[in-house]
Amino acid sequence: MDQASISYRDVELDHPTLSTLVNVFEKMIGYPEAIDNSMYDLTSFDKFKALTQKLKDAAEREESVSTIPMSQSEWTTYEVYASHAYDLKDDLTADEVAVMDDINAFKGVIFK
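(A) Quick look at the overall build of the chain. On a plain count of helices and strands, the chain comes out with four helices and three strands. Reading the chain from its N end, one meets helices and strands in the order β-α-α-β-α-α-β. Compactness check: the chain gives a C-alpha radius of gyration of 13 Å against a globular reference of 13 Å for 112 residues, within 12% of the reference. Buried residues in the chain amount to 38% of all 112 residues. Within the chain, counting contacts between residues at least 6 apart in sequence, those at least 24 apart form 79% of the total. For the chain, the exposed area adds up to about 6300 Å²; of that, 49% sits on carbon and sulfur atoms. Computing the positive centroid from 10 side-chain charges and the negative centroid from 22, the chain places the two 4 Å apart.

(B) Region of the structure containing unusual backbone geometry. Of note, Glu62 is a non-glycine position whose phi angle comes to about 55°, a positive value. Among the secondary structure elements, Glu62 is positioned in the loop between helix H2 (45-60) and strand E2 (65-70). For Glu62, a relative accessible area of 61% corresponds to the exposed category. The residue Phe106 is not glycine, and still its phi comes out positive at about 65°. The residue Phe106 is located in the loop between helix H4 (94-104) and strand E3 (109-111) in this model. Given the relative accessible area of 37%, Phe106 is considered partly exposed.

(C) The packing of aromatic side chains, seen in detail. A full pass over the atoms with the stated rule returns six aromatic pairs. Judged by centre distance (5.9 Å) and plane angle (45°), the rings of Phe45 and Phe48 are tilted. Linking Phe45 with Phe48, this pair stays in helix H2, spanning three residues, or about one helical turn. Ring centres of Phe45 and Tyr81 lie 6.4 Å apart, and the angle between their planes is 50°; on these two criteria the pair is classed as tilted. Separated by 36 residues along the polypeptide, Phe45 in helix H2 and Tyr81 in helix H3 (residues 72-83) bring together distant segments of the chain. For the pair Phe45 and Tyr81, a shared accessibility class is recorded, and that class is buried. Taken together, the ring pairs in this structure connect Phe25, Phe45, Phe48 and Tyr81 into an aromatic cluster. The ring centre of Tyr8 lies 4.4 Å from the NZ or CZ of Arg9, which sits over that ring.

What counts and how
Residues numbered from 1 in each chain as written. Predicted model: local features only at pLDDT ≥ 70, side-chain atom pairs only at ≥ 80, totals over all residues. Heavy atoms only, no water. Helix = DSSP H or I, 4+ residues; strand = E, 2+ residues; numbered from the N terminus. Rg over C-alpha atoms; globule rule 2.2 N^0.38 Å. Buried < 20%, exposed > 50% of the residue type's maximum accessible area, 1.4 Å probe, protein only. Contact = heavy atoms within 4.5 Å. Areas by Shrake-Rupley, 256 points an atom, 1.4 Å probe, with all protein chains shown as cover. Lys, Arg positive; Asp, Glu negative; His and termini not counted. Charge placed at Lys NZ, Arg CZ, Asp CG, Glu CD. Phe/Tyr/Trp six-rings, centres within 6.5 Å; stacked < 30°, edge-to-face > 60°. Lys NZ or Arg CZ within 6 Å of the ring centre and 35° of its normal.

Have a look at this one:
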């Protein structure tokens, strides 16, 4: 089994939280110049776009709760970009900020 297929962390999110996370990540993709580019040393923007698509695919299933298994690389990407969502500042709604606060507090993360 290759490393990419091994689940390192499972993230379990209810549908509204997952949808909001995808919206925030898509804002970041649409406005990359707003993001502190020092984080690109940790993980690439292409990996972030691929992870966002994975999350979007999960959100489109509209399950009440989605469990998204993540490889170590995906987990690193998730953490790095989630922590930089605040770089969007005025482009986030109060609800988006609240969701990102929960995500950055690791709510919904199943540690193995």
